[in-house]
Amino acid sequence: MTIVVDVSADGARTPLASVRVKRVATAVLRAEGVRDALVSIAFVSAREIGRLNKRHLAHSGATDVISFALGAGKERSAVHPVVGDIYIAPEVARANAIRFGRRVREELARLVIHGTLHVL
């Protein structure tokens, strides 16, 4: 069983430690019975996620999280591991946390869970 979660923060500041992000995503994958996975989680600027949103989903503006399931037919099995990319915009998450009365770290953890479930 191999679950690999890679975390990067390309120019986006996030108060959620990479170790915590990896733990949360790995816990979701294990809870869903995933045995093999390669998931990349990138924290990006609102501008960058807006570009991704427009280019890949044909939606205008920034959003908080976008996920892409990759790989062979997007199937989960012993032969086909889970492979996916998750993009999170901390700026948007911060605004949503304030709007909904949540802590920023809690909101970011929720987005990691949400994005991981979408990859599945």
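The sections below set out a description of the structure shown in this document. The residue count restarts for each chain, going from 1 along the sequence in the order it is written. Only residues with pLDDT of at least 70 get local features here, since the model is predicted, and only at 80 or more are side-chain atom pairs given and counted; chain-wide, interface and lining totals rely on the full set of residues. As a rule here, side-chain values come from all non-hydrogen atoms in the structure, and water together with hydrogens is ignored.

### Some details on the overall build of the protein chain
In terms of regular secondary structure, the protein chain is built from four helices and four strands. Counting from the N terminus, the helices are DSSP H or I runs at least four residues long and the strands are E runs at least two residues long. For the protein chain, the N- to C-terminal ordering of α and β elements is β-α-β-α-β-β-α-α. Projecting the C-alpha coordinates of the protein chain onto the three principal axes gives extents of approximately 40 × 30 × 25 Å. Within the protein chain, the fraction of its 120 residues that count as buried is 38%. Under the convention used here, Asp and Glu are negative, Lys and Arg are positive, and both His and the chain ends fall outside the count. By convention, the point assigned to a charge is CZ for Arg, NZ for Lys, CD for Glu and CG for Asp. Where the 18 positive side-chain charges of the protein chain centre and where its 11 negative ones centre are 5 Å apart. Using a 1.4 Å probe on the protein chains alone, a residue whose accessible area is under 20% of its type maximum counts as buried, one over 50% counts as exposed, and one in between counts as partly exposed.

### Concerning the pairing of strand β2 (residues 36-43)
Pairing between strands is defined by DSSP: at least two bridges between them are needed. Across eight bridges, strand β1 (residues 2-9) lies against β2 in parallel orientation. Across the sheet, V5 pairs through a bridge with V39, a residue of β2. In terms of handedness, the path from β1 via helix α1 (residues 18-31) over to β2 forms a crossover that is left-handed. Here β2 pairs with strand β4 (residues 82-88) via seven bridges, running parallel. Consider the strands pointing away from the viewer: the crossover is right-handed when the path from the first strand over the helix to the second runs clockwise.

### Details of the nonpolar core
What we call a nonpolar core is a set of buried Ala, Val, Leu, Ile, Met, Phe, Trp, Tyr and Cys residues that are connected through their side-chain atoms within 4.5 Å. In terms of nonpolar packing, the biggest core is built from 24 residues, with I41, F43 and I88 touching the most fellow members. Listing elements by their share of this core, those giving two or more residues are β1, α1, β2, β4 and α4 (104-119). Considering every element that reaches this core, the biggest residue donor is α4, with five residues. Those residues within four positions of I41 in sequence are excluded, and the remaining contacts are V5, D6, V7, S8, V21, A25, I86, I88 and V112. By size, the runner-up hydrophobic cluster in this structure holds nine residues, among which are A46, I66, A89 and V92. The contact rule is simple, with two residues in contact once any of their heavy atoms fall within 4.5 Å.

### Overview of helix α2 (residues 46-57)
Over its twelve residues, α2 runs 15 Å from end to end, which matches the ideal 16 Å to within 8%, given 1.5 Å per residue. Turning to α2, its buried residues are A46, I49, G50, L52 and N53. Seen along its axis, α2 keeps its buried residues to an arc of 160°; they face one direction. Facing away from the buried surface of α2 by more than 90 degrees, the exposed residues are R47 and R55. Those residues of α2 hidden inside the fold are in contact with β3 (65-70), β4 and α3 (90-100). For a helix, the expected span equals 1.5 Å multiplied by the number of residues minus one. Here the arc refers to the set of directions running from the helix axis out to each C-beta atom.

### Points about the packing of α1 against α4
Packed helix pairs are specified by the crossing angle of their axes together with the interaxial distance, meaning the distance between the axes. Contact pair α1 / α4: the axes reach a minimum separation of 9 Å and the direction vectors enclose 40°. Overall, the two elements α1 and α4 adopt an arrangement that is oblique. Where α1 crosses over α4, the two elements pack in a sense that is right-handed. For the pair formed by α1 and α4, the contact residues are R20, V21, V24, A25, V28 and L29 on the first element and A109, V112, I113, T116 and L117 on the second. Of the residues contributing to the contact of α1 with α4, the split by class is nine nonpolar, one polar and one charged. Each axis is a line fitted through C-alpha atoms, taken for helices only over the stretch in contact, and angles between the N-to-C directions span 0 to 180 degrees. Oblique is the label for every angle not falling under 35 degrees (roughly parallel), over 145 degrees (roughly antiparallel), or within 65 to 115 degrees (roughly perpendicular). Should the near helix be turned counterclockwise from the far one by less than a right angle, the crossing is left-handed, whereas a clockwise turn marks it as right-handed. Throughout, the ten residues Ala, Val, Leu, Ile, Met, Phe, Trp, Tyr, Cys and Pro are labelled nonpolar, Asp, Glu, Lys and Arg are labelled charged, and all others, Gly among them, are labelled polar.

Function cannot be inferred from these measures alone, as they are strictly geometric.
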